[in-house]
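Coordinates in review
Spelled out, the chains give:
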Number of protein chains: 2
Amino acid sequence: MKIGVFDSGIGGLTVVKSLLEHKLFEEIVYFGDTARVPYGVKDKNTIIRYAIEAVEFFKNFELDLIIVACNTVSAYALDEMRESASCPVFGVVEAGILATANAVEGKDAKVLILGTKATVNSKAYEIGLRALGYENLQAKATGLFVPMVEEEIYEGEILQATLRHYFSTLDKPNALILGCTHFPLISEALQEYFGSECKLIHSGDAIVEYLEKEFTFTHKYPNTELKFFASENPDALKKIAKKWLNN
Amino acid sequence: MKIGVFDSGIGGLTVVKSLLEHKLFEEIVYFGDTARVPYGVKDKNTIIRYAIEAVEFFKNFELDLIIVACNTVSAYALDEMRESASCPVFGVVEAGILATANAVEGKDAKVLILGTKATVNSKAYEIGLRALGYENLQAKATGLFVPMVEEEIYEGEILQATLRHYFSTLDKPNALILGCTHFPLISEALQEYFGSECKLIHSGDAIVEYLEKEFTFTHKYPNTELKFFASENPDALKKIAKKWLNN
């Protein structure tokens, strides 16, 4: 299978990392809209417009599947992308909802959803989790995490102060949805803050779990062909891909 | 005089505030490219492209002058904007350089330049200050300040930890250039950190000082007509303008 992975920037590489670890695909075409990142502070209509442009870009390749690695796009533009695309389109939000349900025991589990402002405002995770019977939900827009990760702050006093700033008044959850592809990079600090009992839901692992249910994968691809595209500074994207994916 | 003020987002309203305080203009047309903010992490060619589009937008009005409130655009795209525009174009970087020279005593003054990654990489402030004979220059990209200001963090432990993170290894400067329109909103914390002897250079005040040298203003306009435009969510921009400018 040849698949496309779309993200607003570089964050979706954490999803590619999960896909590579499970050796599911023959070829992955990654497109990061680095010229217009971040989407998480943008309006719904703008996000939809950009997402449809990404679908058009992917039409240059004969893809069997498009994965939307960006939580914000998954929350707002999945239907519109499906209308425009000529192949199936899967998003990390649907996958994350199902992974959360698999990870916790009982419908009274406390779930804390983290994301960009746009993702949290969409209430996409809450709508899905409520439909599955979960009611004990909290969501928090944690806008400072993305710029921190981009400055390679994964620990230390700024991050600790920010964790207290966002979470000191919230109940400790049973599951924490890392609703933004940048957040796995601070998962250690989050796990430590919320305790080892708290299940962290990672978009990359969630989408693998989801795809393995949707499709029958009969073959493993140890050497997936990777093609990286960026709307700006593709060299920077390739450099980060090399570092994060060791490829 | 009718003028245009261009910024990548809402930050340029701090410049409009200075212009209004000095009652220099009959009409101000503000354009914030809120759909594509932030520019500070983008490439030179992208910034130039967006800046030229802003010039085209301003051609819908008969303007006497365009002020570029965004430091990143001023650093990278001023020449290209001047080529495209049918009126003079002034930028806050030139203004800030001259304001710094006026604020400090002696060419051996220590100047610390703060800005986005793009502004700092451009070395625009250093080039101008060196041309005036200043050699004791340091520059620091402080990318976390913009998202903090946008989350209305103007004080407290996150900001204090971030100040230490960026500045603990640097010499205390005689002048500090607030090379991003968001930074005046944390000027109190910066002034306290660097001490009351340190001169803070504010883009809005600098551009007023600059314009008052370039033009003879014979009339005061206590009721400047304000027109606000945004490439996304103009209502949000107008709401913030109301709050910041009390208009």
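Residues numbered from 1 in each chain as written. Chains lettered and ligands numbered in written order. Predicted model: local features only at pLDDT ≥ 70, side-chain atom pairs only at ≥ 80, totals over all residues.

Looking at the sheet that holds strand E2 (residues 27–32) of chain B
Residue and element names in this part refer to chain B. Put simply, the rule is: Only when DSSP finds a minimum of two bridges between them are two strands counted as paired. To qualify as a helix, a DSSP run of H or I must reach at least 4 residues; to qualify as a strand, a run of E must reach at least 2; elements of each kind are numbered from the N terminus. Every axis corresponds to a line fitted to the C-alpha atoms, with the helix fit spanning only the stretch in contact, and the corresponding angles, defined between N-to-C directions, vary from 0 to 180 degrees. What counts as a contact here is a pair of residues whose C-beta atoms, placed from the backbone, lie within 7 Å.
Overall, parallel pairing links the five strands, which are arranged E4-E3-E1-E2-E9 in an open sheet. Across the chains shown, the open sheet's two edge strands, defined by having one partner strand only, are strand E4 (89–91) and strand E9 (225–230). Recorded for the sheet is a direction-independent mean angle of 20° between the axes of neighbouring strands. Bridge count between strand E3 (residues 65–68) and E4: three bridges; the pairing is parallel. The residue bridging Val-68 from the neighbouring strand is Gly-91, located in E4. Relative to the sheet, helix H1 (residues 13–21) contacts strand E1 (2–7), E2 and E3, its axis offset from that of E2 by approximately 175°.

Notes on the interface of chain B and chain A
We count it as follows: Gly falls in the polar group here, along with every residue not listed as nonpolar (Ala, Val, Leu, Ile, Met, Phe, Trp, Tyr, Cys, Pro) or charged (Asp, Glu, Lys, Arg).
On the side of chain A, 17 residues touch chain B, which itself brings 17 residues to the contact. Taken together, the elements giving at least two residues each to the side of chain B that touches chain A come down to helix H8 (145–150) and helix H9 (157–167) of chain B. Looking at the side of chain B that touches chain A, the element that brings in the most residues is H9 of chain B, giving five residues. Residue composition of the side of chain B that touches chain A, by class: six nonpolar, five polar and six charged.

Observations regarding the pairing of strand E3 (residues 65–68) of chain A
The pairing of strand E1 (residues 2–7) of chain A with E3 of chain A spans four bridges and is parallel. Bridge pairing in E3 of chain A links Ile-3 of chain A to Leu-65 of chain A.

Quick look at the sheet that holds E3 of chain A
All names here are of chain A. Taken in spatial order, the five strands line up as E4-E3-E1-E2-E9 in an open sheet, and their pairing is parallel. Of all the strands in the sheet, the pair left with one neighbour each is strand E4 (89–91) and strand E9 (225–230). Averaged over all pairs of adjacent strands, the angle between strand axes in this sheet comes to 20°, irrespective of strand direction. Packing against the sheet, helix H2 (residues 44–58) makes contact with E1, strand E2 (27–32) and E3, and its axis sits at approximately 145° to E2.

Some thoughts on helix H7 (residues 124–131) of chain B
Residues and elements named next belong to chain B. In plain terms, the rule: As a rule, residues whose C-beta atom has 12 or fewer other C-beta atoms within 10 Å are exposed, those with 20 or more are buried, and those in between are partly exposed; C-beta atoms are placed from the backbone. By construction, the arc corresponds to the directions joining the helix axis to the C-beta atoms.
Among the residues of H7, those classed as buried are Ala-124, Tyr-125 and Leu-129. The buried residues of H7 occupy an angular sector of 120° when projected down its axis, which confines them to one face. In this structure, the buried side of H7 is in contact with helix H3 (71–76), helix H5 (92–103), strand E5 (111–115), helix H6 (117–122), strand E6 (137–141) and strand E7 (175–179). A positive backbone phi angle near 100° is found at Gly-133, which sits one or two residues after H7.

Side note on unusual backbone geometry
Residue and element names in this part refer to chain A. Cis peptide bonds are those with omega within 30 degrees of zero, and the linkage from Val-37 to Pro-38 qualifies with 0°. Of note in this structure, Lys-23 is not a glycine but carries a positive phi near 50°. In this fold, Lys-23 is placed in the loop between helix H1 (13–21) and E2. One non-glycine residue, Asn-233, adopts positive backbone phi at about 50°. In this fold, Asn-233 is placed in the loop between E9 and helix H12 (234–245). The exposure class assigned to Asn-233 is partly exposed, which follows from the 17 C-beta atoms found within 10 Å.

Comments concerning the domain arrangement of chain A
Quite often, the size of an interface is put as the accessible area lost when its parts meet. All names here are of chain A. Note the threshold: Domain start and stop positions are those given by an automatic or database domain assignment.
For chain A, the assigned domains read domain 1 (2–91 + 205–245) and domain 2 (94–203). Look at where the C-alpha atoms of domain 1 and domain 2 centre, and you get two points 21 Å apart. Counting only elements with at least two residues in the side of domain 1 that touches domain 2, the list comes to H1, helix H3 (71–76), E4 and helix H11 (203–214). Among the elements that take part in the side of domain 1 that touches domain 2, H11 stands out by supplying five residues, more than any other. A breakdown of the residues in the side of domain 1 that touches domain 2 according to their chemical character gives 13 nonpolar, seven polar and four charged.

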